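# A look at the structure
The residues making up each chain are set out below.
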Amino acid sequence: MSGETTGGIKTTLRIEGFLVFLCCVIAYQHIDASWAIYAIFFLAPDLSFFGYLLGPKIGAIAYNSAHSYIGPLIALIASLTPGLHSALLVALIWASHVGFDRMLGYGLKYSAGFGFTHLGKIGKARST
């Protein structure tokens, strides 16, 4: 599949994911928020997998919407509004999830199927 990242760039993106994850966890620790809340919501972006029940194109859109940094950054901006402190928790948990996935090699999805990502093939697609 064209468009997949390889070599040193792939490694750089995975390191970047680790650093985003690490920074978010450190920031979360710094604001002294509930780790129970973190644990409960860390996997929430993975609910986007259900989009694949409607086919690979809808699945990729749903997954990518929940697994890009756009949403967490919007939540971070919203957290600057007085009274929306919880948006900071959302931003940090969400961005840490995205960083964690990138660190593991799970990239944004192509509509060819779940296994085709910008960081390379994963799962069954990897063996094809």
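The structure under discussion appears in the preceding block.
What you are looking at is a predicted structure, and each value in this text was computed from that prediction instead of being measured.

## Quick word on the overall build of the chain
Looking only at helices and strands, the chain has 5 helices and 2 strands in total. When its helices and strands are written in sequence order, the chain yields α-α-α-α-α-β-β. A compact globule built from 128 residues should have a C-alpha radius of gyration of about 14 Å, and the chain, at 15 Å, falls within 12% of that. With respect to the principal axes defined by its C-alpha atoms, the chain has extents near 50 × 35 × 25 Å. Burial analysis of the chain (128 residues in total) assigns 39% to the buried set.

## Digging into the packing of aromatic side chains
A full pass over the atoms with the stated rule returns 11 aromatic pairs. Centroid distance phenylalanine 49 to tyrosine 63: 5.8 Å. Interplanar angle 15°. Geometry classified as stacked. Taken together, the residues span a long stretch of sequence, with phenylalanine 49 in the loop between helix H2 (35-41) and helix H3 (56-66) and tyrosine 63 in helix H3 at a distance of 14 residues. Residue classification places tyrosine 63 among the buried positions, given a relative accessible area of 1%. Seen in terms of ring centroids, phenylalanine 49 and phenylalanine 114 are 5.4 Å apart; in terms of plane orientation they differ by 75°. Their pairing is edge-to-face. In this pair, phenylalanine 49 is assigned in the loop between H2 and H3 and phenylalanine 114 in the loop between helix H5 (86-104) and strand S1 (116-117), connecting sequence segments 65 residues apart. Given a relative accessible area of 32%, phenylalanine 114 falls into the partly exposed group. Feature note: the residues Phe21, Tyr28, Trp35, Tyr38, Phe42 and Phe100 constitute an aromatic cluster, connected by ring pairs. Seen from the ring of phenylalanine 114, lysine 109 lies directly overhead, with NZ or CZ sitting 4.2 Å from the centre.

Reading guide: rules and limits
- Counting from 1, residues in each chain are numbered in the order their sequence is written.
- The predicted origin of the model limits local features to residues at a pLDDT of at least 70 and limits the giving and counting of side-chain atom pairs to 80 or more, whereas totals for whole chains, interfaces and linings rest on all residues.
- Only heavy atoms go into the side-chain values, all of them from the structure, while hydrogens and water stay out.
- Numbering of helices and strands runs from the N terminus, with a helix taken as a DSSP run of H or I at least four residues long and a strand as a DSSP run of E at least two residues long.
- The globule rule is 2.2 Å times the number of residues to the power 0.38, and the radius of gyration it is compared with is taken over C-alpha atoms.
- Buried, partly exposed and exposed residues are distinguished by accessible area as a fraction of the type maximum, computed with a 1.4 Å probe on protein chains only: under 20%, between the cut-offs, and over 50%, respectively.
- Whether two aromatic rings pair depends on their centres lying within 6.5 Å, for rings of Phe, Tyr and Trp, where Trp uses its six-membered ring; planes under 30 degrees apart make the pair stacked, over 60 edge-to-face, and the rest tilted.
- Only lysine NZ and arginine CZ atoms are considered, and such an atom sits over a ring when it is within 6 Å of the ring centre and within 35 degrees of the ring normal.

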